[in-house]
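Residue strings, one per chain:
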Amino acid sequence: MIIKSLKLKDYRNYEILNIEFDHATNIFYGDNAQGKTNILEGVYLSGTTKSHRGTKDRDLIRFGQDEAHIETVIEKNGVPWQIDMHLKKNSPKGIAINKVPIRRASELFGLTNFVFFSPEDLNIIKNGPAERRRFMDLELSQLDKVYLSDLANYNRTLNQRNRLLKDAYYRDDILDTLDVWDMQLVQYGEKIIQRRIRFIEEVNAIIGDIHHKLTGGRERIGLSYEPGCGALSLEAALEKNRERDIRMKSTSVGPHRDDICFMAGGIDIRRFGSQGQQRTAALSLKLSEIELVRQIIKDTPVLLLDDVLSELDKHRQNYLLDSIHDIQTVITCTGLDEFVNHRFSINKIFHVKNGQVDFTYTGFADNENGDWYVENGQVTFGKDSIEYGTVKGKKGWWHVKNSRVVYDTTVAENENGWWYVKDGKVDFAYDGLAENENGWWYLEGGQVTFQYTGIAENENGTWYVKTSQVDFTYSGTVVFDKIAYVIKNGKADALSTEK
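Now for a quick tour of the structure. What you see is a predicted model; the values in this text were computed from it and never measured.

A count of helical and extended segments in the protein chain gives 10 helices and 32 strands. Overall, the C-alpha framework of the protein chain stretches about 130 × 55 × 40 Å when taken along its three principal axes. Within the protein chain, the fraction of its 499 residues that count as buried is 52%. Here the contacts in the protein chain between residues at least 6 apart in sequence split such that 58% fall between residues at least 24 apart. Here the protein chain contributes 64 positive and 73 negative side-chain charges, whose respective centroids are spaced 5 Å apart.

It is worth spelling out the side chain of His 399 at this point. For His 399, the location among the structural elements is in strand β19 (residues 394–401). A polar contact of 3.0 Å, which involves the side chain of His 399, links it to the side chain of Asp 408. For His 399, the contacting residues outside a window of four places in its chain are Ser 385, Ile 386, Arg 404, Val 405, Val 406, Asp 408, Thr 410, Ala 412, Val 421 and Gly 424.

Moving on: unusual backbone geometry. Backbone geometry places Asn 77, a non-glycine residue, at a positive phi of 55°. Even without being a glycine, Lys 99 presents a positive backbone phi close to 70°. Assignment of secondary structure puts Lys 99 in the loop between β6 (94–97) and β7 (100–101). A residue is classified by how much of its surface remains accessible, and Lys 99, at 66% relative accessible area, is exposed.

What follows covers the pairing of strand β14 (residues 348–353). As paired strands, strand β3 (residues 25–29) and β14 are joined by four bridges and run parallel to one another. Its bridge partner being in β14, Asn 26 is matched across the sheet by Lys 348. Taken together, the two bridges between β14 and strand β15 (residues 356–357) define a ladder with antiparallel strand orientation. Its bridge partner lying in β15, Lys 353 is registered against Gln 356.

Below, the discussion takes up the pattern of salt bridges. Pairs can form between side chains of opposite charge whenever their charged atoms are close. A complete count under the given rule lists 25 salt bridges for this structure. Of the charged contacts in the structure, one is a salt bridge between Lys 4 and Glu 75, with a shortest N-O distance of 3.7 Å. Separated by 71 residues along the polypeptide, Lys 4 in strand β1 (residues 2–11) and Glu 75 in strand β4 (residues 67–76) bring together distant segments of the chain. Note that Arg 161 is salt-bridged to Asp 182, the shortest N-O span being 2.5 Å. With Arg 161 in helix α3 (residues 145–167) and Asp 182 in helix α4 (residues 178–214), this residue pair connects regions lying 21 residues apart in the sequence. When its relative accessible area of 0% is taken as the criterion, Arg 161 is described as buried.

A sheet is described by the order of its strands in space; here three strands give the open sequence β9-β10-β11, paired in antiparallel fashion. In the strand order of this sheet, the two ends are held by β9 (221–226) and β11 (267–268), each with one partner. Judged from the six bridges that link them, β9 and strand β10 (residues 259–264) form a sheet pairing that is antiparallel. Its bridge partner being in β10, Leu 223 is matched across the sheet by Phe 262.

Moving on, we come to a nonpolar patch on the surface. A surface patch of nonpolar side chains, about 310 Å² in accessible area, is lined by Tyr 388, Trp 397 and Phe 428. Locating Trp 397 in the fold gives a position in strand β19. On the basis of relative accessible area, Trp 397 is assigned to the partly exposed category, the value being 31%.

Within the largest apolar cluster, 64 residues are counted, with the highest numbers of intra-cluster contacts made by Phe 199, Ile 221, Leu 223, Phe 262, Leu 285, Leu 305 and Leu 320. Among the elements that line this core, the one with the most residues is α4, at 12 residues. Beyond its immediate stretch of four places on either side in the chain, Ile 221 contacts Ile 207, Gly 208, His 211, Phe 262, Met 263, Ala 264, Ile 269 and Ala 281.

Moving on: the sheet that holds β1. Ordered in space as β2-β1-β4-β5-β6-β7, the six strands form an open sheet in which the pairing is antiparallel. Two strands in the sheet have a free side with no partner beyond their single neighbour: β2 (14–20) and β7. Taken strand by strand, helix α1 (residues 36–48) contacts β1, β2, β4 and β5 (79–88), and its axis lies near 110° from that of β1.

So, about the packing of helix α8 (residues 275–297) against helix α9 (residues 314–323). Axis angle and axis distance: for two packed helices, these are the angle between their axes and the distance between the axes, and together they describe the pair. In contact at an axis separation of 11 Å, α8 and α9 are set at 5° when each is read in the N-to-C sense. It follows from the interaxial angle that α8 and α9 lie roughly parallel. Packed against α8, whose contacting residues are Gly 276, Thr 280, Leu 283 and Leu 287, the element α9 presents Arg 316, Tyr 319, Leu 320 and Ser 323 at the interface. Here the residues of the contact of α8 with α9 sort into four nonpolar, three polar and one charged.

A separate point is the packing of aromatic side chains. What the rule picks out here adds up to 17 aromatic pairs. Here the aromatic rings of Phe 135 and Phe 199 are separated by 6.0 Å at their centres, their planes lie at 55°, and the arrangement is tilted. Placement of the pair is Phe 135 in helix α2 (residues 129–143) and Phe 199 in helix α4, with a sequence separation of 64 residues. With a relative accessible area of 9%, Phe 135 lands in the buried category. Ring geometry for Trp 398 and Tyr 407: centres 6.4 Å apart, planes at 75°, overall edge-to-face. For Tyr 407, a relative accessible area of 40% translates into the label partly exposed. Ring-pair connections join several aromatic residues into one group, and the members of that group are Phe 21, Phe 28 and Phe 350.

Bringing the environment of Ala 456 into the picture now. Relative to the helices and strands, Ala 456 is located in strand β27 (residues 454–458). Considering only alpha carbons, one finds Ala 456 and Gly 432, 24 residues apart in sequence, at a separation of 7.0 Å. Ignoring any residue separated from it by four or fewer positions in sequence, one finds Ala 456 in contact with Leu 433, Tyr 442, Gly 461, Thr 462, Trp 463 and Val 465.

About the thresholds
Residues numbered from 1 in each chain as written. Predicted model: local features only at pLDDT ≥ 70, side-chain atom pairs only at ≥ 80, totals over all residues. Heavy atoms only, no water. Helix = DSSP H or I, 4+ residues; strand = E, 2+ residues; numbered from the N terminus. Buried < 20%, exposed > 50% of the residue type's maximum accessible area, 1.4 Å probe, protein only. Contact = heavy atoms within 4.5 Å. Lys, Arg positive; Asp, Glu negative; His and termini not counted. Charge placed at Lys NZ, Arg CZ, Asp CG, Glu CD. Polar contact = N/O pair within 3.5 Å; in protein donor to acceptor, adjacent residues only side chain to side chain. Pairing = 2+ DSSP bridges. Salt bridge = Lys/Arg side-chain N within 4 Å of Asp/Glu carboxyl O. Patch = residues over 30% accessible without salt bridge, like charges linked within 9 Å, V, L, I, M, F, W, Y side chains within 5 Å. Areas by Shrake-Rupley, 256 points an atom, 1.4 Å probe, with all protein chains shown as cover. Core = buried A, V, L, I, M, F, W, Y, C linked by side-chain atoms within 4.5 Å. Axes fitted to C-alpha atoms, helices over the stretch in contact; angles between N-to-C directions. Parallel < 35°, antiparallel > 145°, perpendicular 65-115°, else oblique. Nonpolar A, V, L, I, M, F, W, Y, C, P; charged D, E, K, R; others polar. Phe/Tyr/Trp six-rings, centres within 6.5 Å; stacked < 30°, edge-to-face > 60°.

Dropping the structure here:
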């Protein structure tokens with residue numbers, strides 16, 4: 001599966017935004033608080049109906065507007081699908097698939113598979129059980145429609161039971177109906193517990209090797225599901241805790257109270273692991289999630305990376321980047337240093353500023369990682385040429401290699417010819433020899449004319465030039481400007497003045 005395009009209207013800080021994605025790696029870079037994460041959130045929302053932040057629909061609508069619209073086009077098994085989502089302040093969201101409205105949001109699940117990875121996910125081990133349950137629920141809801149239905153029914157029944165427990169303070173006669181809610185809670189709750197246990201077993205089959213490699217062979221990790229009811233069945237646990245629930249006016253046992261245990265080296269790293277151990281385990285969990293989705297759906301998910309690399313050390317950065325090279329990835333970041341240093345293949349890059357993605361600018365731009373050539377708002381990382389523009393306040397023609405200004409001294413080319421470059425800039429006043437990976441060249445007015453044949457000098461000696469290139473294969477004699485030269489492997493020695 002890949003995402004082809006995204007359109008946002010009055011969503012968060014975007015009035016209008018149209019983006020076409022590359023099938024591989026897409027990077028949105030810019031300063032903090034410019035709207036990069038909002039793009040990832042829009043993608044995720046269109047496939048799951050929920051914000052990864054847990055934000056309510058009305059808070060996703062641009063300030064001063066009553067509704068927002070998201071249009072996402074994905075491709076699955078070569079077939080395009082269009083998902084439209086209308087968010088409204090005072091009514092439920094509307095969803096359409098291929099412009100056909102659907103009545104239940106659950107009809108959307110299974111069509112898309114997104115894995116969202118944010119800096120907050122690195123704290124999933126350190127933080128409370130609610131985040132670990134949320135991790136299971138979000139992933140299983142994308143993979144298993146039955147689980148999604150059971151979870152929705154369980155939550156609805158749980159809310160009814162808790163409301164009854166609160167109302168019983170004023171009307172104790174309604175406690176007679178508690179058995180009805182308990183039966184439904186058990187019916188859906190047991191299914192949820194069993195599916196979660198199976199999910200943890202599936203993750204365990206993957207995470208061990210990933211974590212072992214990530215820690216350099218120092219650790220192996222294992223997960224186990226911890227039901228809040230312990231060894232009791234859910235039905236027995238509800239009965240045992242009934243008096244306590246009535247007293248506390250809340251349901252104390254069930255899947256909504258369960259947890260995942262992370263053990264490494266015989267230690268529960270939720271409680272006793274270092275921050276480094278916890279973060280490494282969280283990264284292992286996310287990488288396992290990607291692989292598990294791939295195995296279950298027999299396809300690749302779309303990975304949404306929200307400024308995660310800045311939170312990882314170099315070793316973990318490299319491992320993560322090596323692990324995602326074969327799936328479509330949408331990344332947000334404040335700089336490009338990690339990708340440049342890792343020589344990571346980048347297919348599209350977008351600059352985000354003040355809620356705008358600039359698709360029109362062509363020219364040079366700089367950041368802390370260097371000076372870059374931008375075409376239609378994107379650094380393509382594939383441009384090798386001589387381009388005109390202003391770099392650091394100086395206008396001129398600049399040597400661009402892999403879309404980055406290279407401050408070298410060489411001979412470089414564009415569609416208009418071959419040029420002498422000094423410290424990254426074309427010097428149109430230069431006459432003489434210069435070299436590049438293709439040889440030594442004679443330039444006149446900073447350009448290789450491909451017409452000059454004769455003798456030229458540089459700091460290394462005197463040389464025979466044929467059609468503007470030093471001919472290192474030639475040996476013999478030539479007469480140039482009334483002087484006879486003996487040539488050996490291109491190097492010339494003057495003999496005498498011609499009479």
